[in-house]
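What the coordinates show
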Amino acid sequence: MKNKEVADILSKVAALLEIKGDNPYRIRAYQRAAQVIESLSQDVEVLAQENKLEKLPGIGADLAGKIKEILQTGTLKLYEELKSEIPPVLLTFLEIPGLGPKKVKVLYEKLNILSLDELEKACKEHRLAKLPGFGIKTEENILKGIKLFKEKRGRRPLGEILPIAEEIVQTLKNISPVEQIAIAGSIRRRKETVKDIDVLITSQKPEQVMKKVTELPLVEEVIAFGETKTSVRLKIGVQMDIRVVAPDSWGAALAYFTGSKAHNIRIRELALEKGLKINEYGVYKGETKIAGKTEEEIYQVLGLPFIPPELREDRGEIEAALEGRLPKLVEYQEIKGDGHVHSKYSDGTASLPEIVQKAEAMGLEWVIVCDHSQGLKVAGGIPVEDLFKKKREIEEINKRSKKVKLIFGAEVDILSDGSLDYPDEVLKEIDFVIAAIHTGFQQSEEIITQRIISALKHPLVHAIAHPTGRVIGEREPYAINLLKVIEVAAQYQKALEINAYYKRLDLNDVNVRAAIEKGVPVIIGTDAHFIDQMDYIHLGTATARRGWCEKRHVLNTLSYSELISWLKRLRP
DNA sequence: GCCGTTTTCGGCCCGACTGTTTTCAGTCG
């Protein structure tokens, strides 16, 4: 899949055009095309071969041609030309908070600044303040921006920020006069990584709320302070935006601040076609406000059903809503089990009774206890003789435990030649075999893909764990042809995991969608090594929802007995 | 650059806050 590479070039073209000062709508067209290609669940190369690129929203004859050019030549003439006109190093300047395309252009043209160091030096020598539109404050802000840029860790995993955001909401509820309060933005959409925390509030006394916000102990710096909008930087290095609106604008504001930006733009265009205007305060027909109190209302006046936040990425959800084929997403409370938990038998820290207790507290019916296989010594892989001790303990526990059943599973290593880390006569005794790659990450795409495919074809394997091996912010996926893997999984009706650990979320949303479109069942597993990590199940469910999963696609919605029958197909 | 049961040309989402300005451009979400 070259989707990422194509999207990357298109988005760089957009940024270069911005600095050049080109037509903003042309820029938007490139940005949108980049986004459409990146979130595609199909292979852009296949679409190009079938001449279907122009069917994609926002892609016309010209962009289709440009995409083909990238696929054929690896680059784009326009891109190369722009790079010779505008030094690409300026693109990194755009990442500095406070610097946009206009100012970057001036810096380049008037001062010929071509590196971060030069920029820093020019600020300190007050050479910027003399430029039109610049001043002393601008220099200070750019210096601050450079510092933040240098120490920034980029987007942060949702699982890290969500609990903090929820705690802030709870605190604000307690200490300030808020009526309604909710987290919006990418956190509400449950995007796997987030850049900032958006909080929406209704209150009779906005100024008091805003004051309390700036006084929170977590706040490091106030970036902007207004009655309706306040921005602060938290000590953990994340920005938080707080918006206060009137109660009758709650729905409009919630929709607006939940985004995504691309979704909002489409929604507003749709409104314009109907002679309506939407902003964060409501939907207007001329001067008259006709909706705004609830989100449902907003969608309703546009003739649309409610679109769940997890779908709001302009990945076809608006078209689906218009045509009445929006998926009925799997619900968080429909999840009946956890497909992947480690115990003390390998490198987990929880005993089997502790797992049962936790599952019961969470309202789950079943947990598959998958420990590592014998070869993975660093992770305490279980030697064959101990496996049966674990099996007996599970049987004992299941006799006593009425509400929660444990399932005897194993996360079995796929060795570098594609064979499995237990012999068949052992695998046969294990009720759930999930195979995974933990070694040989550097192998070629062909070899890794083949390893996984041979595991999928193995008659005793039920599923593949964390299929791409990526770790968010730490490790890129290994080279893998996931589309081939999906095809084989579909053919053999084997499951692919949505690993719910907050740094994995693997498969990710786009890949989940690609899998279920081919008829591959998915199974959510937390990969918990500590008992509380079982709570990450909700992140896996969020990923399933972002991947357009309905209940029928997700094995975790099966009851214990239904799951056992699904597993037994391979254990006659 | 895209797009069309008001258009194949002339539109294209909308507003808050800051800083440099005396009325607004730039940035951001």
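Parameters at a glance
Residues numbered from 1 in each chain as written. Chains lettered and ligands numbered in written order. Predicted model: local features only at pLDDT ≥ 70, side-chain atom pairs only at ≥ 80, totals over all residues. Heavy atoms only, no water. UniProt positions renumbered as here; feature names shortened; annotations may be inferred. Buried < 20%, exposed > 50% of the residue type's maximum accessible area, 1.4 Å probe, protein only. Helix = DSSP H or I, 4+ residues; strand = E, 2+ residues; numbered from the N terminus. Polar contact = N/O pair within 3.5 Å; in protein donor to acceptor, adjacent residues only side chain to side chain. Near = heavy atom within 4 Å. Nonpolar A, V, L, I, M, F, W, Y, C, P; charged D, E, K, R; others polar. Pairing = 2+ DSSP bridges. Arc of directions from axis to C-beta. Contact = heavy atoms within 4.5 Å. Axes fitted to C-alpha atoms, helices over the stretch in contact; angles between N-to-C directions. Domains from an automatic or database assignment. Buried area = accessible area lost by both parts, 1.4 Å probe. Salt bridge = Lys/Arg side-chain N within 4 Å of Asp/Glu carboxyl O.

As recorded by an unreviewed UniProt entry, chain A carries the name DNA polymerase beta and is attributed to Thermodesulfobacterium commune. Under the Cofactor (unreviewed entry) heading, UniProt states for chain A: "Mg(2+)". Chain A has a UniProt comment under Subcellular location (unreviewed entry) that states "Cytoplasm".

1. Details of helix H22 (residues 509–517)
H22 sits mainly inside the fold: eight of its nine residues count as buried. Among the residues of H22, those classed as buried are Asp509, Val510, Asn511, Val512, Arg513, Ala514, Ala515 and Ile516. Measuring from the side-chain oxygen of the N-cap residue of H22 to the backbone nitrogen of valine 510 gives 3.3 Å; that N-cap residue is asparagine 508. Count one or two residues on from H22 and you reach glycine 519, which has phi positive near 90°.

2. A short note on the protein's contact with DNA strand B
The full set close to DNA strand B counts 48 residues, and Arg28, Gly60, Gly98, Tyr256 and Arg268 are the nearest of them. Backbone atoms, meaning sugar plus phosphate, form 75% of the atoms of DNA strand B positioned within 4 Å of the protein. Elements that contribute at least two residues to the surface near DNA strand B include exactly helix H2 (24–38), helix H4 (61–73), helix H7 (101–111), helix H9 (136–151), strand S5 (219–225), strand S7 (239–245), helix H14 (261–273) and strand S8 (277–279). Of all the elements, H2 adds the most residues to the surface near DNA strand B, at five residues. Of the residues that constitute the surface near DNA strand B, the class distribution is 18 nonpolar, 12 polar and 18 charged.

3. Points about the pairing of strand S9 (residues 282–285)
Taken together, the three bridges between S8 and S9 define a ladder with antiparallel strand orientation. Bridged to isoleucine 278 within S9 is valine 283. As defined by bridge partners, S9 adjoins strand S10 (residues 288–291) across three bridges and the pair is classed as antiparallel. Bridging from a neighbouring strand, tyrosine 284 pairs with lysine 289 of S10.

4. Brief notes about unusual backbone geometry
At the junction of glycine 259 and serine 260, the peptide bond is cis and its omega measures out at -5° in the coordinates. Counting through the fold element by element, serine 260 comes out in the loop between helix H13 (250–258) and H14. Following aspartate 506, the chain continues to leucine 507 via a peptide bond in cis, the omega torsion being 5°. Relative to the assigned elements, leucine 507 resides in the loop between strand S16 (495–499) and H22. Of note in the backbone geometry, histidine 466 takes a positive phi value of approximately 20° without being a glycine. Tracing the backbone shows histidine 466 in the loop between strand S15 (463–464) and helix H21 (482–492). Despite not being glycine, tryptophan 548 has its phi angle at roughly 70°, a positive value. Inspection of the secondary structure assignment puts tryptophan 548 in the loop between helix H23 (537–546) and helix H24 (560–568).

5. Considering helix H12 (residues 206–215)
By the burial criterion, the buried members of H12 are Pro206, Val209, Met210 and Val213. Taken end-on, H12 shows its buried residues confined to a sector of 95°, consistent with a single buried face. Its buried side turned inward, H12 meets helix H10 (158–175), strand S4 (196–202), S5, strand S6 (229–234) and S7.

6. Some words on the UniProt feature "domain: Helix-hairpin-helix DNA-binding motif class" (unreviewed entry) in chain A
If you check UniProt for "domain: Helix-hairpin-helix DNA-binding motif class" (unreviewed entry), the listed places come out as residues 51–70, 91–110 and 126–145 in our numbering. Overall, residues 91–110 shows 65% helix and 0% strand. The separation of its end C-alpha atoms is 17 Å. Helix makes up 50% of residues 126–145 and strand 0%, and the two end C-alpha atoms of the span are 16 Å apart.

7. Concerning the sheet that holds S9
Pairing in this open sheet of three strands is antiparallel, and the strands run S8-S9-S10 from one edge to the other. A single partner strand is all that each edge strand has here, and the edge strands are S8 and S10. Recorded for the sheet is a direction-independent mean angle of 35° between the axes of neighbouring strands.

8. Remarks on the domain arrangement of chain A
In many analyses, interface size is given as the accessible surface area lost on bringing the parts together. Partitioning chain A into structural domains gives domain 1 (1–80), domain 2 (87–152), domain 3 (156–245), domain 4 (257–322) and domain 5 (332–568). A separation of 29 Å is found between the C-alpha centroids of domain 1 and domain 2. Facing six residues of domain 1, the contacting portion of domain 2 comprises six residues. Carbon and sulfur atoms make up 81% of the surface buried where domain 1 meets domain 2, a total of about 590 Å² over both sides. Per-residue buried area on domain 1 facing domain 2 is highest for Leu16, Glu18 and Ile19; these three make up 73% of the total on that side. The tally of links from domain 1 across to domain 2 stands at zero salt bridges. On inspection of domain 1 and its partner domain 2, the count reaches zero residue pairs in polar contact (both at pLDDT 80 or more). Class assignment of the residues belonging to the side of domain 1 that touches domain 2 gives a composition of three nonpolar, no polar and three charged.

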